[in-house]
Every structure is written in structure tokens, then in C-alpha cells.
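# Structural overview
The primary structure of each chain is shown beneath.
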Amino acid sequence: MLAAILTICGSFMFTACSTDNNAEEEGEFRTMLKSLDWGTDTTFVYGHKTPDVDAVCSSLSYARLMRTLGYNCKAKVSGAVNRETEFIANLFGFALPDLKSNVIPQTRLILTDHSEYAQSVDGAKEAVILQEIDHHAEGDIPDSIIPYVRREMIGATCTIIYEMYRELGVEIDDETARILLAGLLSDTRNLTKATTQYEDSVAWVALVTQLHLEDRVDEISRQMSEASNNYYGMSDIDIFLSDYKEYDNIGGKAIGIGSLDCKASEMEDFINRMLAVMPQVMNDKNLDMLFAKIDNKVPNPDESNPDDLFVDDGTYFIYCGEGSQTVADSIIGPSLREGVAYSKEKISRRQIVTMLTELMERLQ
Ligand SMILES: [Mn+2]
């Protein structure tokens, strides 16, 4: 994979590095930073709730960029990190942000990797949001209330932050390179996810090369994926919430969407266990509807490939709450049984949010 990507990216990287057309933008960005109302206390940089690798690593790397530029910023997490994040922080040897689950009014915040109040640290509504760096569609935290927003629909927020370091001419030391690469590997699954863009490949090549990980990156990515799929010893509710996002207002409804995976051979039992905890999750979180997509893992027909023992074969979609069946049937297809729909396609949560938003606005 590396050789192919190097070929694709080689000429582009040369072009990108050899022009100085960013000088003006760079100056503008620094001027904009100076104009922000930083106050006197520390500005906290937060990824989303239920923090995954990209959320944590984007907050760490962006806080570091802001500190390098002279601003008193510190990354925090609003909840416990997931197993994949623990695994890669341990392997790459970087410290995780401290937990701080709420902020007092007027706290200065920078948000990375999210654009929804429901996904933000408790207290965000009364805080002062100075910046947002994100790769999701604009959510219910409107861009218009934030002095600086950088939104690019690419594979990882860490890729955007990589670009910002480059544009600003700030050196990426090896620890920062490992942090950025971790987020990029996780959110794009080593450049294999449908959300991966050209920019992600460019950042991947630069970071892998800097860290001399050419021979190890595929194995590292496989281990990360394994850590993320490891539900061993977790309660069913914790499994359901292991990669979970909430949306306060999709067409007037409060909606939660989980993202799970399971081997095809264990799917039926897994679905039943998840369906059994969904009413309680809905109740605890005060939702109108609750969904989860479950990637269906089947043994890789290419047995010679030890890096990918399992591959995806379609997506199960489970649902709970009044009107949720109508939603599932219209965005995924007719239900297999009550609470369960299936699509032959691999469907991302981002696609589900887009389809849901369109449908709910039509129904409203
Ligand atoms: Mn992300």
C-alpha cells in the first residue's frame, strides 16, 4: 500500500511544499488568533463525549499547536477513553488528557471532532467557544457563534490538524507525529474507510515516513482495530455505549446512534442483547429514538492475508422508540424482524446522520 500511495502523493507533496502561497493565510490565521477573547484562565480543548482516538488525539495535538503559538491551552476528555485509545496511547507512549467532565460558565473552549452540544462536555452551552476544528457536518452548535471554524469533510480531524501545522510552518516533533497518526489510522482504518480522502493519504505518508513505521503501520492498525472490537468483560450497556453519539435535534427529535461490530456467527445473540438494553439507554438519556449500526464481520475469503482475518459484509441496523421502525424501513430497507433491519452496503454513521436529517425534515 505504501508504494502506491507514495507514487500518488509524491508529486503533490512536492508541489505543496514548494509553494509559499500559504504565507498570507498563515499571517491571517495568526492575526485571527490574536483577536480572540482568550481571557486569563486556561482554554480547554475537548473532543467529543465517548472519546475515540481521533477525538482525543485531535484535542492533544491542537492544544499543543496553540501552546506553541503562545496560547494557554490544555486538552481534556469529558469521559473515559475507549480501549483502542488506551491501546495506542500505550503503544505510542503518549499521555492521555485528564478527565474533566464538566466546565463552569464562561470557560473558554476549543472543540475538536464534533459540532453537537449533546456530544460536547457538560456546560458547553454556557461556555465561550473560541474555535472548532471538525470533519463532520455542521451540527446544532452553529458555526455562526464561533469566531474560528475549520471544517473539512475528510477522513480524520487529525488530518486537518496535520495540515494546520504544515501551513503554519510549526515543526511536528515525533511525539506529535505519533498522536496525529493514531487519530488518522483509527478514523480511516488505515485509509480503508469510505470517508478517507486524498488529504488523509498525504498526511499518512508524511507521518509514517517521519516515524519510520513503513513496515509496521499495517500491523499497528490491525491491532488498533482489534482493540476497538474487543468487548470482552464489558457489560451489555457499556458495549452499546462504547462508540455512541447523541444528537439533540434531528428534525425536532433527540436521537442516539451507536456504532458496533460483531462476527456474523455471533450476530443473532449479539443483536438480542443490544435490543434488550436499548429501552434503558433511551430512558436514561431521554431520547425519542435510539439506533445502532452493527458491522457484520465475516472471515476474509483471502486467507493468505493475515492482516485482515475478518472483512465487512453489510450492516445491521437496530432501532428502538416510537416512529423508529418507519425511519429504519425508509433509510435502510424493510425490517427483517421487529427492531432489526439489514443493508448489504457498508453504512457509516455519518451517512446515517445525513439520511436521518433529510428524512426527519421531510416528515416534520
Ligand atoms: Mn473523528
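In this text the structure is predicted, and so the values were computed from the model without any measurement.

What counts, and where the lines are drawn
Residue positions are counted from 1 within each chain, in the order its sequence is given. Restriction of local features to residues with pLDDT of at least 70 applies here, the model being predicted, together with a cutoff of 80 or more for giving and counting side-chain atom pairs; totals for whole chains, interfaces and linings are based on all residues. To qualify as a helix, a DSSP run of H or I must reach at least 4 residues; to qualify as a strand, a run of E must reach at least 2; elements of each kind are numbered from the N terminus. In this scheme, a helix's expected span is set at 1.5 Å multiplied by one less than its residue total. For the exposure call, what matters is how many other C-beta atoms sit within 10 Å of a residue's own: 20 or more marks it buried, 12 or fewer exposed, and in between partly exposed, using C-beta atoms placed from the backbone. The source of the domain bounds is an automatic or database domain assignment. Contact definition: two residues whose C-beta atoms, as placed from backbone geometry, lie within 7 Å. Here the nonpolar group is Ala, Val, Leu, Ile, Met, Phe, Trp, Tyr, Cys and Pro; Asp, Glu, Lys and Arg are the charged ones; every other residue, Gly included, is treated as polar. We define a nonpolar core as a collection of buried residues of the types Ala, Val, Leu, Ile, Met, Phe, Trp, Tyr and Cys that are connected via C-beta atoms lying within 7 Å of each other.

## Notes on helix α2 (residues 23–35)
For α2, spanning 13 residues, the distance from its first C-alpha to its last is 19 Å, which sits close to the expected 18 Å at 1.5 Å a residue. Counting buried residues along α2, only 0 of its 13 residues qualify, which leaves the element largely exposed.

## Considerations on the domain arrangement of the protein
If you check the domain split of the protein, you get domain 1 (2–222) and domain 2 (236–363). With centres defined by C-alpha atoms, the gap from domain 1 to domain 2 works out at 27 Å. Taken together, the contacts link 15 residues of domain 1 with 12 residues of domain 2. Along the lines of polarity and charge, the residues of the side of domain 1 that touches domain 2 split into 3 nonpolar, 6 polar and 6 charged.

## Focus: the environment of Ala194
Along the chain, the position of Ala194 falls in the loop between α6 (174–188) and α7 (198–210). The class for Ala194 is partly exposed, based on 13 C-beta atoms found within 10 Å. Through-space distance from the C-alpha of Ala194 to that of Met66 is 31 Å; in sequence the pair is 128 residues apart.

## Description of the nonpolar core
Looking at soluble globular proteins, one finds that nonpolar side chains tend to be buried together. Residues Leu109, Ile161, Leu180, Leu184 and Leu207 are the most contacted members of the largest nonpolar core, which totals 54 residues. For Leu207, the residues in contact, after removing those within four places along its chain, are Ala177, Leu180, Leu181 and Leu184.

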